[in-house]
Amino acid sequence: MEKKDLKTPSYMKNVPFFFITALAAPVAMLLVFLNWGKLTSQMRSNHLTFSILMTLLYVSKILPDGTFKIIFSALTITLIIFVTYIFLGGGRKK
C-alpha cells in the first residue's frame, strides 16, 4: 500500500490546535474528523483525546444543572464513542 504524502494543515499543528480547542472545543473535534487522513496516527489520537476532553468540559459548563445536563452529557459521550468507532474501522480487519 502506498503512503500518501499529504501536508498537515497549519491549524492542526499542536499550538494552533490547542487555541482552537480552548475557544471552541466542538469545532476542534470536527476539524480532527475532517482532516483524519492528513494526520499521523499519533496526532490523531492526541488531538482526538484532547478535543473530546475539552468538549466534555465545554458541554458540562454551559448546560443548566439537573437531569437535562446528565442526559445530554451521556448522549454526547455515546455519540463521540460511536463516531470514533466508525472512523477507526468498526472493528473489522482490513
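Residues numbered from 1 in each chain as written. Predicted model: local features only at pLDDT ≥ 70, side-chain atom pairs only at ≥ 80, totals over all residues. Heavy atoms only, no water.

1. Thoughts on the side chain of Asn 35
Thought 1: Mapped onto the elements, Asn 35 comes out in the loop between α2 (25–34) and α3 (41–62).
Thought 2: By relative accessible area, Asn 35 is classed as buried at 4%. (Helix = DSSP H or I, 4+ residues; strand = E, 2+ residues; numbered from the N terminus. Buried < 20%, exposed > 50% of the residue type's maximum accessible area, 1.4 Å probe, protein only.)

2. So, the packing of aromatic side chains
Thought 1: Under the defined criterion, the tally for this structure stands at 3 aromatic pairs.
Thought 2: Measuring from centroid to centroid gives 5.6 Å for Phe 18 and Phe 19, while their planes differ by 70°, and the two rings are edge-to-face.
Thought 3: Residue class for Phe 18 comes out partly exposed when judged on its relative accessible area of 42%.
Thought 4: Pairing Phe 33 with Trp 36 gives two aromatic rings, centres 6.0 Å apart and planes at 25°, and the pair type is stacked.
Thought 5: The class of Phe 33 is buried, set by a relative accessible area of 16%.
Thought 6: The exposure class assigned to Trp 36 is buried, which follows from its relative accessible area of 13%.
Thought 7: Taken together through their ring pairs, the aromatic side chains of Phe 18, Phe 19 and Phe 50 make up a single cluster. (Phe/Tyr/Trp six-rings, centres within 6.5 Å; stacked < 30°, edge-to-face > 60°.)

3. Notes on the nonpolar core
Thought 1: Formed by 13 residues in total, the largest nonpolar core has its most connected members in Met 12, Met 29, Val 32 and Leu 48.
Thought 2: Sorting the residues of this core by element identifies α2 and α3 as the ones contributing at least two each. (Core = buried A, V, L, I, M, F, W, Y, C linked by side-chain atoms within 4.5 Å.)

Function cannot be inferred from these measures alone, as they are strictly geometric.
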